[in-house]
2 protein chains.
Amino acid sequence: MPADGLEQDAFGKPGQRLARGVSRMLTSLGHAPLLEFVPTGGLRVDVISISPKGELWVVECKSSRADFMADRKWQGYLEFCDRFFWAVDTDFPDELLPEGCGLIRADSWGAELQQMAPESRLAAARRTRLLRDIARVATARLLAVTDPMGVSASVS
Amino acid sequence: MPADGLEQDAFGKPGQRLARGVSRMLTSLGHAPLLEFVPTGGLRVDVISISPKGELWVVECKSSRADFMADRKWQGYLEFCDRFFWAVDTDFPDELLPEGCGLIRADSWGAELQQMAPESRLAAARRTRLLRDIARVATARLLAVTDPMGVSASVS
C-alpha cells in the first residue's frame, strides 16, 4: 500500500477512486455527476455535479496531505459552482482543509456528506454556459462509447 | 428487406440507424447530439443537439411514409428547440414533409444537411432548463456505462 493510504489498482489512482465513491453518493442524492471537467482553460475539477434543480456542485478529491498541498488552484474552482466540497478518506488530516467548504468522507465504493457547503450562487449567464459545456462534454463522451466509429472531432 | 426501405439488423431499427448517421454529421459540425431525449412527459425526440454556442436543434428521423404518418406529435417538438429538422433516407417521399422545417438526408453511416431550418429562438429560461436536463440525462447514461455497479436511482 503506498504512502497516500489508498491502494492503487485496477480502479485507478487514489483520487479517482474517491471520485467514484463521490459519484455514487451524488447519484443517490438525485444529482448528475461528471468526472474530470474543465470549466475553463487550465482548470480541471475532479467532479462537477448538477442537482435536480440545476444547482452546480464541485467536489475536489484529496487522497493525502501531499495531494492536497500540491493543489494551488482550488480557489479558482469556487467561481464555477454554487457549492464547493472537499472529499477525503478516513485517514485524511482534516485540519488541513480551509474553512467555509463542504466536506465529504469517501472511499472507492461510496461516500457520506458530512458538512454541507455554503451557497455562493452562480450568475445566470455563467450557469447556462456551464450547463451547456457539461452537456456537450457528457454527450461527446457518451457517443465515444456508444458509437466509437463515429468519433471525428471530439468536444472533449 | 422490410417495406420501410432500410434493413433491420444489429444496428437497430431503421429510425435508429438514421439517428446514428445524423449524430455523426452533427458531431462533425461541432454539435453535441443526444439520442432519444424526453423534453417533457409524453414526448420523446429522436435527436437533440447542442451547437457550440448553445443553440438547440431537434432532428426527427423518418425511415418511411408509414413512420412519418404515424407521428402525430411532431408539432409538439417545435417548442423545445431553436431549429427543427427532418432526417430521411434517399427513398423517402419528400413531398410528405411539412414546409418550414430543415431537411437532412441520412443513412446509417452519415448524413448531409440539405436545408437549414428557420430559427425560432427559445426563451432563456427554457433553454437553461433543457441544457440542465440534457446534461443530467447524458451524465447519468455515461455513469451507467462507466460505473454500472453504481447505478441506483437513475435520472433517465
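What counts, and where the lines are drawn
Residues numbered from 1 in each chain as written. Chains lettered and ligands numbered in written order. Predicted model: local features only at pLDDT ≥ 70, side-chain atom pairs only at ≥ 80, totals over all residues. Heavy atoms only, no water. Least-squares fit on C-alpha atoms with pLDDT ≥ 70 in both. Contact = heavy atoms within 4.5 Å. Salt bridge = Lys/Arg side-chain N within 4 Å of Asp/Glu carboxyl O. Helix = DSSP H or I, 4+ residues; strand = E, 2+ residues; numbered from the N terminus. Buried < 20%, exposed > 50% of the residue type's maximum accessible area, 1.4 Å probe, protein only.

Naming follows an unreviewed UniProt entry, where chain A appears as MmcB family DNA repair protein of Paracoccus aestuariivivens.

1. Comments concerning the relation of the copies chain B and chain A
Mapping chain B onto chain A calls for a screw motion: a turn of 180° about the axis and a shift of 0.0 Å along it, with 0.0 Å RMSD after fitting. Expressed as a symmetry operation, the mapping of one chain copy onto the other fits a two-fold axis. For chain B, the minimum C-alpha distance to the rotation axis belongs to A135 of chain B and amounts to 1.9 Å. When the interface residues of chain B are mapped onto chain A, 100% of them again lie at the interface, so the same face is used by both copies.

2. Re the pattern of salt bridges
Residues and elements named next belong to chain A. For the structure shown, the criterion picks out 20 salt bridges over all chains. With a shortest N-O distance of 3.1 Å, E79 and R126 are connected by a salt bridge. Placement of the pair is E79 in the loop between α3 (74–77) and β4 (83–88) and R126 in helix α4 (residues 124–146), with a sequence separation of 47 residues. Overall, E79 belongs to the partly exposed group, its relative accessible area being 45%. We classify R126 as partly exposed; its relative accessible area is 29%. Connected via shared salt-bridge partners are R129, R132 and D133.

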